[in-house]
Amino acid sequence: KAGVTQTPRYLIKTRGQQVTLSCSPISGHRSVSWYQQTPGQGLQFLFEYFSETQRNKGNFPGRFSGRQFSNSRSEMNVSTLELGDSALYLCASSLSHSLLDEQFFGPGTRLTVL
Amino acid sequence: AQSVTQLDSQVPVFEEAPVELRCNYSSSVSVYLFWYVQYPNQGLQLLLKYLSGSTLVESINGFEAEFNKSQTSFHLRKPSVHISDTAEYFCAVSTGFQKLVFGTGTRLLVSP
């Protein structure tokens, strides 16, 4: 069974640009969550999608947005990039949004903003 | 709002020695608790979790954690560590649904 896939694995952008990251969940999983990992702030929850609807949202500015498609694949977008957006972005999928279902994490996309 | 504190940023230990990684949480409502492990250049993997029932939970690779409601703690322990246990360990809390609040992590360094 294939795991969670994130593309691209590495990305370099400059300030002011926008970026789109992609996450393909494990087959059959309908919930996708996104997290930002930085040395200073640690792991922080961005948002969760289930059945194409955003179910939960973290404390991030509106520059961070996401969506989920009918096949459960998810994308997150960051507009007007800032240096502080440099981070490892992790995606996790689970069967549903119940905590009884384990979240499986992908390897992450490392974004560097210059 | 919930928060998680992992007081030890790094824990050095010799192989075959016991280890305890500390985790304390803060929440005004009932919580669910998790430990995740992150090996170098890899994503997070669930180590163990407490949702309800027995307060002592175990993983398949010898780790265990005990939920202590009165002390708001969920410390992770292993009686004898291996070199392969070298990784970063994250404690997390949730009040429901797939929204986890993570601690800052503890780097476990096992040396021969």
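Now for a look at the structure at hand. Worth saying up front: this structure is predicted, and the values here are computed from it rather than measured. (Residues numbered from 1 in each chain as written. Chains lettered and ligands numbered in written order. Predicted model: local features only at pLDDT ≥ 70, side-chain atom pairs only at ≥ 80, totals over all residues. Heavy atoms only, no water.)

Points about the interface of chain A and chain B
Applied cut-off: Two residues form a contact once any of their heavy atoms are found within 4.5 Å. In short, buried area is how much 1.4 Å probe accessible area vanishes from two parts on joining, totalled over both. The term salt bridge refers to a pairing of a side-chain nitrogen on Lys or Arg with a carboxyl oxygen on Asp or Glu at a separation within 4 Å. Whenever two N or O atoms come within 3.5 Å, that pair is a polar contact, provided that in protein one can donate a hydrogen and the other can accept it, and provided that, for residues adjacent in sequence, both atoms are side-chain atoms. Numbering of helices and strands runs from the N terminus; a helix is a DSSP stretch of H or I covering at least four residues, while a strand is a stretch of E covering at least two. Each residue receives one of three labels: charged for Asp, Glu, Lys and Arg, nonpolar for Ala, Val, Leu, Ile, Met, Phe, Trp, Tyr, Cys and Pro, and polar for the others, Gly being one of them.
Between chain A and chain B, the residue contacts involve 24 residues of the former and 18 residues of the latter. Buried surface at the junction of chain A and chain B, summed over both partners, amounts to about 1,700 Å²; 58% is from carbon and sulfur atoms. Its largest share of buried area at the contact with chain B, chain A owes to Leu43, Leu99 and Phe105 of chain A, together 38% of the area lost on that side. Our count for the contact surface shared by chain A and chain B stands at zero salt bridges. Taken together, the connections running from chain A to chain B amount to three residue pairs in polar contact (both at pLDDT 80 or more). When residues of the side of chain A that touches chain B are traced back to their parent elements, those giving at least two are strand 4 (31-38), strand 5 (42-50), strand 6 (53-57) and strand 9 (87-94) of chain A. It is strand 4 of chain A that provides the largest number of residues to the side of chain A that touches chain B, a total of four residues. Broken down by class, the residue content of the side of chain A that touches chain B amounts to nine nonpolar, 10 polar and five charged.

Comments concerning unusual backbone geometry
Stated precisely, the cut-off is as follows: Only protein chains enter the accessibility calculation, which uses a 1.4 Å probe; a residue whose area is less than 20% of its type maximum is buried, one above 50% is exposed, and one in between is partly exposed.
Between Thr7 of chain A and the following residue, Pro8 of chain A, the backbone shows a cis peptide bond with an omega angle of -10 degrees. Here Pro8 of chain A is to be found in the loop between strand 1 (5-7) and strand 2 (10-13). Unlike most non-glycine residues, Thr80 of chain A shows phi in positive territory, near 45 degrees. Since its relative accessible area comes to 48%, Thr80 of chain A is described here as partly exposed. The residue Glu16 of chain B is not glycine, and still its phi comes out positive at about 75 degrees. Its place among the elements puts Glu16 of chain B in the loop between strand 2 (10-14) and strand 3 (19-21). You can call Glu16 of chain B exposed: its relative accessible area is 61%.

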